[in-house]
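What the coordinates show
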Amino acid sequence: MQQKHITYWLLTICGFIVAMIVIGGITRLTLSGLSIVEWSPFAGIIPPLNSEAWNKLFEKYKLFPQYQKTFPNLSLAEFKNIFFWEYLHRFVARSIGFVILIPGLLFWRKGLLSQELTKRILFGLILGGFQGALGWFMVKSGLVDRPSVSHFRLAAHLLLAFLILAYFLWLALDRLESHMPHLKSKLSHADLSLQSLFLFFIFPLLILQITYGAFVAGLKAGYFYNTFPKMNGEWLPQNALYLDPLFKNWFENAVTIQWTHRWLGICLLLAIGFFWLRSQSATTSRSIVKLSTIFLGLALSQVGLGISTLLTHNNIFLASSHQLVGCLLFACSIWILHRIKAS
């Protein structure tokens, strides 16, 4: 029973990471990410507790581009609203460290953690610390001369968050399958083509789509061309390829980035649909069949939420749901990868 508690602990860490990612998305949508202009890993845990502390923070905020160029008439009450989301995002991120460290120390003292698992947990904790530093590196890019962060740094920050999620989920799945044998099932020879399809096409495409999702968020590319499937009556807008050299459009042109994110999503859905169809063979392991069905359902939901978010000009509830389902879709892909490796 105590060994199961370790599995539940690892899954709880994953839950906190998903919450951090979703709150990070809300932080972007509410333009709250530049409201805290300092990085105080320890002192920053305590929020402002009186009027003097609030005014001090607000005066610091006024010295930076977001206030001067975007919100020059922002009141203290409005500042408190945007401060809330950035503070919550950082608070949850810090909480993950405690969720890892405190139960980990208790399990270690009771002798429930193997030496190998202890090393892996410590490495995950180091990854979390690096993620915090990378987050501040991202925020700093919006505190210099423009009131927005680098979309490249934002993508790196998001991808590292997904990497940490994958890391702890993999550890949890290792343990989950060790004490729940009914989750295991050997893959057949018919699964080899499915493995290749998933490893070399679907999973890389999913990572690319996550990256472009970060580019869309960083460049605020979702706030224009709010029609689907065409972009204001055009399949490919004329200003989608104006940068020279041509390849720069896929990295710096917000129109091209939104267009790419749209159609990568459709391609990914079709690929997942094909994967599901191939998995329905009687020779395919039951676990892959079940996971592929869940994977397809999440992909359909994700595309639907993405289109709805676009058509509603980035409704916060829909956009946050889009981010949440994206996390679940990624988590499901990690479980499929884990099952493939188990063969």
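Note: the structure precedes this text.
In this convention, every chain numbers its residues from 1, walking through the sequence in written order. Where totals are concerned, whole chains, interfaces and linings use all residues; where local detail is concerned, this predicted model gives features only for residues with pLDDT of at least 70, and gives and counts side-chain atom pairs only at 80 or more. As a rule here, side-chain values cover all heavy atoms of the structure and leave hydrogens and water aside.

**Overview of the overall build of the protein**
In DSSP terms, a helix is any run of H or I states spanning at least four residues, a strand is any run of E spanning at least two, and both are numbered starting from the N terminus. Along the protein, the regular secondary structure elements total 11 helices and zero strands. Start at the N end of the protein and walk to the C end: the helices and strands fall as α-α-α-α-α-α-α-α-α-α-α. Atoms considered for the radius of gyration are the C-alpha atoms alone. The globule rule reads 2.2 Å times the number of residues to the power 0.38. Its C-alpha atoms give the protein a radius of gyration of 22 Å, within 12% of the compact-globule value 20 Å for 343 residues. If you line up the protein on its principal axes, its C-alpha atoms span 65 × 60 × 35 Å. The buried label goes to any residue with under 20% of its type's maximum accessible area, the exposed label to any with over 50%, and the partly exposed label to all in between, with areas taken from a 1.4 Å probe on protein chains only. Considering the protein as a whole, with its 343 residues, one finds that 48% of them fall into the buried category. Note on definitions: a residue-residue contact is assigned when non-hydrogen atoms from the two residues lie within 4.5 Å. Counting contacts in the protein only where the partners sit at least 6 residues apart, residues at least 24 apart contribute 78% of the total. Per element, the accessible surface of the protein, about 17200 Å² overall, is 69% carbon and sulfur. Put simply, the protein has 28 plus and 13 minus side-chain charges, and the middle of one group is 9 Å from the middle of the other. Note on areas: Shrake-Rupley, 1.4 Å probe, and residue coverage restricted to the protein chains presented here. Counted charges follow a simple rule, with Lys and Arg positive, Asp and Glu negative, and His plus the chain ends left uncounted. Charge positions come from single atoms, namely NZ of Lys, CZ of Arg, CG of Asp or CD of Glu.

**What to know about helix 9 (residues 254-279)**
A helix is expected to span 1.5 Å multiplied by its residue count minus one. If you check helix 9, its first and last C-alpha atoms are 37 Å apart, about what 26 residues at 1.5 Å a residue would give, namely 38 Å. Nitrogen and oxygen atoms within 3.5 Å of one another constitute a polar contact, given that in protein one can donate a hydrogen and the other can accept it, and given that sequence-neighbouring residues count only through two side-chain atoms. Where helix 9 starts, the residue carrying a side-chain oxygen 3.0 Å from the main-chain nitrogen of Val255 turns out to be Asn253.

**Re the packing of helix 2 (residues 51-61) against helix 4 (residues 76-109)**
Packed helices, taken two at a time, are described by the angle between their axes plus the distance between the axes. To get an axis, fit a line to the C-alpha atoms, keeping to the stretch in contact for a helix; angles then go from 0 to 180 degrees between the N-to-C directions. Between helix 2 and helix 4, whose axes approach to 11 Å, the crossing angle comes to 85 degrees. By the angle between their directions, the pair helix 2 and helix 4 is classed as roughly perpendicular. Touching Trp54, Asn55, Leu57, Phe58 and Tyr61 of helix 2 are Leu76, Phe79, Lys80, Ile82 and Phe83, all from helix 4. Residues are grouped as follows: Ala, Val, Leu, Ile, Met, Phe, Trp, Tyr, Cys and Pro are nonpolar; Asp, Glu, Lys and Arg are charged; all remaining types, including Gly, are polar. Its residues assigned to classes, the contact of helix 2 with helix 4 comprises eight nonpolar, one polar and one charged. Under this scheme an angle from 65 to 115 degrees is roughly perpendicular, one under 35 degrees roughly parallel, and one over 145 degrees roughly antiparallel; angles in between are oblique.

**Regarding the packing of helix 9 against helix 10 (residues 286-311)**
With their axes 9 Å apart at the nearest point, helix 9 and helix 10 run at an angle of 155 degrees to one another. As judged from the angle between their axes, helix 9 and helix 10 are roughly antiparallel. The crossing of helix 9 and helix 10 is left-handed. On the side of helix 9, the interface is formed by Gln258, Arg262, Gly265, Ile266, Leu269, Ile272, Gly273, Phe275, Trp276 and Ser279, while helix 10 contributes Ile288, Val289, Ser292, Thr293, Phe295, Leu296, Ala299, Leu300, Val303 and Leu310. Tallied by class, residues from the contact of helix 9 with helix 10 come to 13 nonpolar, six polar and one charged. For any helix crossing, the convention is left-handed if the near helix is rotated counterclockwise from the far helix by under a right angle, and right-handed if that rotation is clockwise.

**A look at unusual backbone geometry**
For the bond running from Phe228 to Pro229, omega is 5 degrees, close enough to zero to count as cis. Within the secondary structure layout, Pro229 lies in the loop between helix 7 (192-218) and helix 8 (249-252). Cis rather than trans, the peptide bond between Asp244 and Pro245 has omega equal to 0 degrees. Examined against the element boundaries, Pro245 turns out to sit in the loop between helix 7 and helix 8.

**Here we look at the packing of aromatic side chains**
Here a ring pair, both rings aromatic, is described through the centre-centre distance and the interplanar angle of the planes. Two aromatic rings, drawn from Phe, Tyr or Trp (for Trp, its six-membered ring), form a pair once their centres lie within 6.5 Å of each other, and the interplanar angle then sorts them: stacked below 30 degrees, edge-to-face above 60, tilted otherwise. Tallied over the full model, the rule gives 24 aromatic pairs. When the ring of Phe83 is compared with that of Tyr87, the centres are 6.0 Å apart and the planes differ by 10 degrees; the resulting orientation is stacked. Taken together, the positions of Phe83 and Tyr87, both in helix 4 and four residues apart, correspond to about one turn of that helix. When the centroid spacing of 6.1 Å and the interplanar angle of 25 degrees are considered together, the rings of Phe228 and Trp263 count as stacked. Linking Phe228 in the loop between helix 7 and helix 8 with Trp263 in helix 9, this pair joins segments that are 35 residues apart in sequence. Taking relative accessible area as the criterion, Phe228 reaches 28% and is therefore assigned partly exposed. With a relative accessible area of 23%, Trp263 lands in the partly exposed category. Three or more aromatic residues joined by ring pairs make a cluster, and in this case those are Trp54, Phe58, Tyr61, Tyr67, Phe79, Phe83, Tyr87 and Phe91. When the ring centre of Phe137 is taken as reference, the NZ or CZ atom of Arg153 above it lies at 3.7 Å. Two conditions define a charge sitting above a ring: the NZ of Lys or the CZ of Arg must be within 6 Å of the ring centre, and it must be within 35 degrees of the ring normal.

**Observations regarding the environment of Thr256**
With respect to the helices and strands, the residue Thr256 is situated in helix 9. The class of Thr256 is buried, set by a relative accessible area of 1%. Remark: the alpha-carbon pair of Thr256 and Ala221, spanning 35 residues in sequence, is separated by 9.2 Å. Those residues in contact with Thr256 that lie beyond four places of it in its chain are Ala240, Leu241, Asn249 and Trp250.

**Focus: the side chain of Asn253**
Take Asn253: it is sitting in the loop between helix 8 and helix 9. Looking at Asn253, its side chain comes within polar contact range of the main-chain oxygen of Ala240, at 3.2 Å. For Asn253, the residues in contact, after removing those within four places along its chain, are Asn239, Ala240, Leu241, Tyr242, Leu243 and Lys248.

**Here we look at the pattern of salt bridges**
Take a side-chain nitrogen of Lys or Arg and a carboxyl oxygen of Asp or Glu: if they are within 4 Å of each other, that pair is a salt bridge. Evaluated as defined, the whole model comprises six salt bridges. In this structure, Arg90 and Glu86 form a salt bridge, with 2.7 Å as the shortest nitrogen-oxygen distance. Of this pair, Arg90 and Glu86 are both found in helix 4, four residues apart, which corresponds to roughly one turn of the helix. Across this residue pair, the class does not change: Arg90 and Glu86 are buried. The salt bridge partner of Glu252 is Lys248, with a shortest N-O separation of 3.9 Å.

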